[in-house]
Amino acid sequence: MSAASCLLTEDQFLCSICLDVFTDPVSTPFGHNSCKTCITNKNKNVPCQCPNCKKTFFTRPKLQVNTFISEMAAQFRQSAQQKASSSSSEQQVSKPGEVPCDVCTGTKLKALKSCLVCLASYCETHLEPHLTKSGLKRHQLIDPVENLEDRMCTKHDKLLELFCKTDQMCVCMLCSISDHKTHDVVPLKEECEGKKAELGKRDAEIQKMIQKRRLKTEEMKRSVELSKKDADREIAAGVQVFRALKESVERSQAELMDTIKEKQRETEKQAEGFIKGLEQEISELEKRSSEVKKLSQSEDHLHLLQSFPSLNTAPPTKDWTGVSVRPPSYEGTVRRAVNQLEETLSKQMKEAELKRVQQYAVDVTLDPDTAQPNLILSDDGKQVKHGDVKKNLPDNPERCNPSICVLSKQSFSSGRFYYEVQVKEKIMWTLGVATESINRKGDITLNPQDGYWTICLRNENEYRAHAGPSVRLSLKHQPEKVGVFVDYEEGLVSFYDVDAAALIYSFTGCCFTQKLYPYFGPCVNDGGKNSAPLIISPVSHTE
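The sections below set out a description of the structure shown in this document. (Residues numbered from 1 in each chain as written. Predicted model: local features only at pLDDT ≥ 70, side-chain atom pairs only at ≥ 80, totals over all residues. Heavy atoms only, no water.)

Peptide bonds are, in most cases, trans, and in most cases residues other than glycine have a negative phi. Look at the link from asparagine 401 to proline 402: it is a cis peptide, with omega at 10 degrees. Counting through the fold element by element, proline 402 comes out in the loop between strand E10 (383-386) and strand E11 (406-407). Here the bond from glycine 468 into proline 469 is cis, since omega is 5 degrees, no more than 30 degrees from zero. Note on placement: proline 469 falls in the loop between strand E15 (462-465) and strand E16 (471-473). At glutamate 425, a residue that is not glycine, the phi angle is positive and equals roughly 70 degrees. (Helix = DSSP H or I, 4+ residues; strand = E, 2+ residues; numbered from the N terminus.)

Here you go:
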């Protein structure tokens, strides 16, 4: 029997009704076999009919189990179970969250496919009939899913295979000819194709959003890197400044100690001189006293009388009545040292601050397309002065007219930048930065509200910051070179006297949203009194 079963195929032991291996097989009068239960249930309320050839027999036969086929089927089922058991050890057991095979008994294997016709999921072994049997090959297989009953119409118990575009819902065939008869109904596949196209568009949009966020992420990373570089640079500069300050403090302390000690040494030296003189006189007086005592005890009357004149007078001495050693006054010594230290530290701090901003130096050149027609620019774009003759130039939108100024070619919309301008020998000038959208025609007002952050010199010694209203500036020295520093994100515009390493003025709390351009106003020639040019100078870092 075992040898025979090995020669038989599975097709020979499948019931044509349940498509499974025979259980209690019976034969029809036409020689075809089926499970006894299957054929009995199938022909219960209809005329007797062979399930294979569809021939009708009007007298219901008494069906007897074919023991030979039954034994062969049982042998084949046992062989198939052993084969399935061996195969199951190689297949994956269903894990939580995975769809199990609906046919497996005992240990459930992981399903490979789900059938929308059978409404069941199958592992590799139990899926085989759907891949090999002609009747089952027509069934629609999908990737394994749970709750296949949700794919059935709850009203008609039919497969949801259509989509109502009117109501935006899945329906069955009976729904399309009843409740959705007049609606726009299409096959699920057709609707899915449209939805896939929409998803493709949506995915393209999502990819763009992802790309933007990746770019933003990279931008933030670069910002962090720049911030770290700035932080490292500031730390290094801070360490250098504080080291210099510490050295200055230690040096001032040492100088103070030396000054006090020197005064003490001078006092000690003076006292030593006085004491030495006193001790010499004491020695002389003690010697005279000894001689006087000795002479007064002499019995030699002639010697006493002869020596008396010389010993009767005191030896020559200094009048020490008004002589004294007065301790030196240290009043104000520490205060003067501290004041000197403060001046030194203040100077060092100013130099450190200027050195800090000078590291952001940029190359700036003048833009002739923005120059007022009276202005004369050097060929290298580094100098500008006012001329008496107005040139015939095109009045393009970028040109400033009649305001006597010129902008730089370079613009800045982020970060920090610094440049220096020589103003030596000028009695009037205006310097600063301006936004791209400033009014370049007609009368203008130099203030932050109109996009200008500038300072100026008027009447040789009147310095002002155009802060709206203007602020009068009190400067200790007349600057010959002015440094301009801008921190775009911080909203800061600062002006420095480069030679004195002193801050002239700062605009703080500014809100920049446009490009910033360095602004240069040489002012009128004034009959030659203000003929010196504004000169953009190379930055020579303060040591």
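A word on the sheet that holds strand E3 (residues 113-115). Spatially, the three strands line up as an open sheet ordered E4-E3-E5, and their pairing is antiparallel. The open sheet has two edge strands with one neighbour each: strand E4 (120-122) and strand E5 (141-142). Two elements, E3 and E4, share three bridges in a ladder whose sense is antiparallel. Residue serine 114 lies in a different strand from E4, and its bridge partner there is serine 121. Packing against the sheet, helix H4 (residues 124-132) makes contact with E3, E4 and E5, and its axis sits at approximately 110 degrees to E4. (Pairing = 2+ DSSP bridges. Contact = heavy atoms within 4.5 Å. Axes fitted to C-alpha atoms, helices over the stretch in contact; angles between N-to-C directions.)

Looking at the secondary structure, you find glutamate 462 in strand E15. At 2.8 Å, the side chain of glutamate 462 forms a polar contact with the side chain of arginine 464. Setting aside residues no more than four positions away along its own chain, glutamate 462 makes contact with Cys456, Leu457 and Arg472. (Polar contact = N/O pair within 3.5 Å; in protein donor to acceptor, adjacent residues only side chain to side chain.)

A few words on the pairing of strand E17 (residues 481-487). For E17, the buried fraction is high: seven of the seven residues fall into the buried class. Burial of the side chains of E17 extends over both faces: Lys481, Gly483, Phe485 and Asp487 are buried on one face and Val482, Val484 and Val486 on the other. (Buried < 20%, exposed > 50% of the residue type's maximum accessible area, 1.4 Å probe, protein only.)

Moving on: the nonpolar core. Of all hydrophobic cores here, the largest spans 35 residues; its most connected members are Trp429 and Phe520. Membership of the second largest hydrophobic core comes to eleven residues, among which are Val21, Cys38, Ile69 and Phe76. (Core = buried A, V, L, I, M, F, W, Y, C linked by side-chain atoms within 4.5 Å.)

With 26 residues, helix H9 (residues 333-358) should reach 38 Å at 1.5 Å per residue; the first-to-last C-alpha distance of 37 Å fits that figure. Looking at the buried residues of H9, the elements they touch are helix H7 (188-296), strand E12 (416-422), E17 and strand E18 (492-497). (Expected span 1.5 Å × (residues − 1).)

What follows concerns the environment of methionine 220. Looking at where methionine 220 falls in the secondary structure, it is placed in helix H7. Spatially, the C-alpha atoms of methionine 220 and aspartate 526 are 52 Å apart, while their sequence positions differ by 306 residues.

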